[in-house]
Amino acid sequence: RPGEVGIYRTGAGSEDAVYWGTTSGSSNLTPLDTPQPASYADVVVDAPANAVFATVDDVAPAGAIVAFPLHGGVASTVATGLNHPQRLALDGTRLYFTDPGAGIVWVKDLTTTDAPVEFVSGLSAPLPIVVADAVYVGTADAVLRFPKL
């Protein structure tokens, strides 16, 4: 909402949701959509696009990335058929995400309907990911740096 600093987080339990709240001191969080039997692993906010992206942590073909309107509403599907997508990082119109089980970092061009493509593979359990001057990925034994697309 205009003038407020938003906090977004995933829930837990058999009925999960992505939640929104403010830093105003209230501990009340509001689900962006109706809680459902899904497990969200991570969220990233794209304020200019008025969207909150979330990973649906499930085995293929049920694993997915969805996008919620910034302050609530029905999620739209960004990518499907994924196997346990985990952490997200956003760089303008490119959304990077990790697949620790397969050792892959994927990238999805948000300006197209094309499926995600492998960004880098052969990693040892990639999980944390950050985009700055490059793409930084934490693995089981190192933090690696890759040039952005």
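The model shown is predicted, which means the values in this text are computed figures rather than measured ones.

As for the sheet that holds strand E12 (residues 129–131)
One open sheet holds the 3 strands; their spatial order is E12-E13-E14, and the pairing between them is antiparallel. Both outer strands of the open sheet, E12 and strand E14 (143–146), are each paired with one neighbouring strand and no more. Direction aside, the axes of adjacent strands within the sheet are offset by 15° on average. With 4 bridges joining them, strand E13 (residues 135–138) and E14 adopt antiparallel strand pairing. Across the sheet, residue Gly-138 finds its bridge partner in E14, namely Val-143.

Digging into the sheet that holds strand E9 (residues 94–99)
Spatially, the 4 strands line up as an open sheet ordered E8-E9-E10-E11, and their pairing is antiparallel. For this open sheet the edge positions go to strand E8 (88–91) and strand E11 (117–120), each flanked by a neighbour on one side alone. Taken pair by pair, the neighbouring strands of this sheet meet at an average axis angle of 30°, ignoring direction.

Quick look at the pattern of salt bridges
In total, this model carries 2 salt bridges according to the counting rule given. Between Lys-148 and Asp-91 there is a salt bridge whose closest N-O contact spans 3.6 Å. With Lys-148 in the segment after E14 and Asp-91 in strand E8, the pair connects residues that are 57 residues apart, well separated along the chain. Classification of Lys-148 as partly exposed rests on a relative accessible area of 32%. Its relative accessible area of 22% is what places Asp-91 among the partly exposed residues. Asp-133 is the partner of Arg-145 in a salt bridge, and the nearest nitrogen-oxygen pair spans 3.0 Å. Here the residue Arg-145 occupies a position in strand E14, and Asp-133 occupies one in the loop between E12 and E13, the gap between them amounting to 12 residues. Per residue, the accessibility class of Arg-145 equals that of Asp-133, and both read exposed.

What to know about the pairing of strand E5 (residues 51–56)
Counted residue by residue, E5 has 6 buried out of 6 residues, so it is predominantly covered. Side-chain alternation along E5 places Ala-51, Phe-53 and Thr-55 on one buried face and Val-52, Ala-54 and Val-56 on a second face that is also buried. With 5 bridges joining them, strand E4 (residues 40–46) and E5 adopt antiparallel strand pairing. Across the sheet, residue Tyr-40 finds its bridge partner in E5, namely Val-56. Counted between consecutive antiparallel strands, the loop separating E4 from E5 contains 4 residues, among which Asn-50 sits at a positive phi close to 55°. Between the antiparallel neighbours E5 and strand E6 (residues 63–69) lie 6 residues.

Conventions we followed
Along each chain, numbering runs from 1 in the same order as the chain's sequence is written. At least 70 in pLDDT is required for a residue's local features to be given in this predicted model, at least 80 for side-chain atom pairs to be given and counted, and no such filter applies to totals for whole chains, interfaces and linings, which use all residues. As a rule here, side-chain values cover all heavy atoms of the structure and leave hydrogens and water aside. Any two strands with at least two DSSP bridges between them are considered paired. Put simply, DSSP marks the helices as runs of H or I at least four residues long and the strands as runs of E at least two long, and each gets a number from the N terminus on. Lines fitted to C-alpha atoms define the axes, with helix axes restricted to the stretch in contact, and inter-axis angles between N-to-C directions lie between 0 and 180 degrees. A side-chain nitrogen of Lys or Arg and a carboxyl oxygen of Asp or Glu constitute a salt bridge if their distance falls within 4 Å. The buried label applies to any residue whose accessible area, calculated with a 1.4 Å probe on protein chains only, is under 20% of its type's maximum; exposed applies above 50%, and partly exposed to all values in between.

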